[in-house]
Amino acid sequence: MVPLLRLLTALLAILPLPLLHGLGAVIGSLFALLPNRHRRITLRNLALCFPQMSERERARLLVLSLRETAKATLETAVMWRAGRERLQRLVRGVEGEELLHAAIEQGGGVIIASPHLGSWELIGQYLLMQHPLTCMYKPAENAALDRIMYDGRSHLGMELAPTDVGGVRILLGALKRGELVGILPDQDPRDGAGVFAPFFDIATHTMTLLPKLAAKSRATVLVAYAERLAWGRGYRIHFLPVDSAVNDKDEVGAATALNRAVEAAVRQCPAQYAWSYKRFRARPQGEANLY
């Protein structure tokens, strides 16, 4: 199984990005037409988060979203195997990079909150090419896939910290050295590791780890995402500020500030968010399942 997956990844990685994105657009269009889990979850999330949209508008966003999701899946092979020169050529512009430079100069390290928006795999590799970077890493349940993911994400030298107590120590050590730390802020945390805070006006189970790291290290928190440009032309990197309330001792207040920043990024590029993920699966006690 591992050799086959590695071969498939290697084959996809050598294809030109326009071809990969073209294939993704075709696959995503089919997923939007045929009954399937991704289509159902995406439609549900869009209805929850954009109730003001008409059904026609949400249907159009559904197609765009599933196309982008398929592109994200196929392009991952490039992000996991391409060399520095090719990845650097894919970055066509950067907005808000002065925020990153200012945060680094302040000291205390920088926490990059990179949601499942655009090419989140590229964000880590882009940052690593400029600054030391440690990213929190949740191992995949499938051992073969996990090995490929680990090797791919670390192939340019990224340090990966597991989602346990030891991993938290690694992240704090990196921040103490004034380095960058990357965390996906929009995953449903395990029980006891999150609080419910608004995201698109919906009570959403949100991690407390990132705010706690920020408060303990006094690191600056920024949201970053790589916007996928049309026709496989590459990506535009965006850095956005996060309200200082993310350092608040009140866990709900801190989580609310984090979600507000993530939501602002998603609203800039809604078609490229991973709407096929059950983001609202966990519910406050007594609330009905939304899916």
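Residues numbered from 1 in each chain as written. Predicted model: local features only at pLDDT ≥ 70, side-chain atom pairs only at ≥ 80, totals over all residues. Heavy atoms only, no water.

A. Broad picture of the overall build of the protein chain. From N to C terminus, the protein chain includes 11 helices and 9 strands. Expected size for 291 residues packed as a compact globule is a radius of gyration near 19 Å; at 19 Å, the protein chain falls within 12% of this value. Once the C-alpha set of the protein chain is aligned to its principal axes, its extents read approximately 50 × 45 × 35 Å. A burial count over the protein chain gives 51% of its 291 residues as buried. Across the protein chain, the fraction of contacts at a sequence separation of at least 24, relative to all contacts at a separation of at least 6, is 75%. Entry remark: accessible area of the protein chain is about 14,000 Å², with carbon and sulfur atoms responsible for 56%. (Helix = DSSP H or I, 4+ residues; strand = E, 2+ residues; numbered from the N terminus. Rg over C-alpha atoms; globule rule 2.2 N^0.38 Å. Buried < 20%, exposed > 50% of the residue type's maximum accessible area, 1.4 Å probe, protein only. Contact = heavy atoms within 4.5 Å. Areas by Shrake-Rupley, 256 points an atom, 1.4 Å probe, with all protein chains shown as cover.)

B. Summary view of the pairing of strand β7 (residues 202-207). With 5 of 6 residues buried, β7 is to be regarded as a mostly interior element. Linking strand β6 (residues 194-199) back to β7 in an antiparallel pair, the connection comprises 2 residues, with F200 at a positive phi of about 55°. (Pairing = 2+ DSSP bridges.)

C. Geometry of the sheet that holds strand β8 (residues 220-228). Read from one edge to the other, the open sheet built from 7 strands follows the order β1-β9-β8-β2-β5-β3-β4, with strand pairing classed as mixed. This sheet does not close on itself; its edge strands, each paired only once, are β1 (91-95) and β4 (159-162). Taken over all neighbouring pairs, the strand axes of this sheet differ in orientation by 25° on average, direction set aside. Of the strand pairs in this sheet, β1 and strand β9 (residues 235-241) are connected by 4 bridges, and their pairing is parallel. If you follow E95 over to β9, its bridge partner there is H238. Sitting on the sheet, helix α4 (residues 55-81) touches β8 and β9, and the angle it makes with β8 is about 100°. Running over the sheet, helix α8 (residues 143-153) touches β3 (133-137) and β4 and is turned about 165° from β3. (Axes fitted to C-alpha atoms, helices over the stretch in contact; angles between N-to-C directions.)

D. Quick peek at the environment of Y235. Of note, Y235 is situated in strand β9. A relative accessible area of 0% means that Y235 is categorised as buried. Counting along the chain gives 117 residues from Y235 to G118, while the straight-line C-alpha distance between them is 8.6 Å.

E. Inspection of the packing of aromatic side chains at higher detail. Tallied over the entire structure, the rule returns 8 aromatic pairs. Members of the aromatic cluster, each reached through a chain of ring pairs, are F50, F199, F200, Y273, W275 and F280. (Phe/Tyr/Trp six-rings, centres within 6.5 Å; stacked < 30°, edge-to-face > 60°.)

F. Structural view of the nonpolar core. Within the largest apolar cluster, 44 residues are counted, with the highest numbers of intra-cluster contacts made by I111, I183, L210, V223 and W275. If one sorts the elements of this core by residue count, helix α11 (residues 251-268) sits on top with 6 residues. In contact with W275, other than residues within four places in its own chain, are I41, T42, N45, L46, C49, F50, S65, F200, V266 and P270. (Core = buried A, V, L, I, M, F, W, Y, C linked by side-chain atoms within 4.5 Å.)

G. Expanded view of helix α2 (residues 17-33). With 17 residues, α2 should cover 24 Å at 1.5 Å per step; its first-to-last C-alpha distance of 24 Å lies within 8% of that length. Those residues of α2 lying buried are L17, L20, H21, G24, G28, S29 and A32. (Expected span 1.5 Å × (residues − 1).)

H. Structural view of the pattern of salt bridges. Throughout the structure, instances matching the rule amount to 13 salt bridges. Salt-bridge contacts for R283 lead to E287; the nearest nitrogen and oxygen are separated by 2.9 Å. Salt bridges sharing partners connect three or more residues here, namely E68, K71, E75 and R228. (Salt bridge = Lys/Arg side-chain N within 4 Å of Asp/Glu carboxyl O.)

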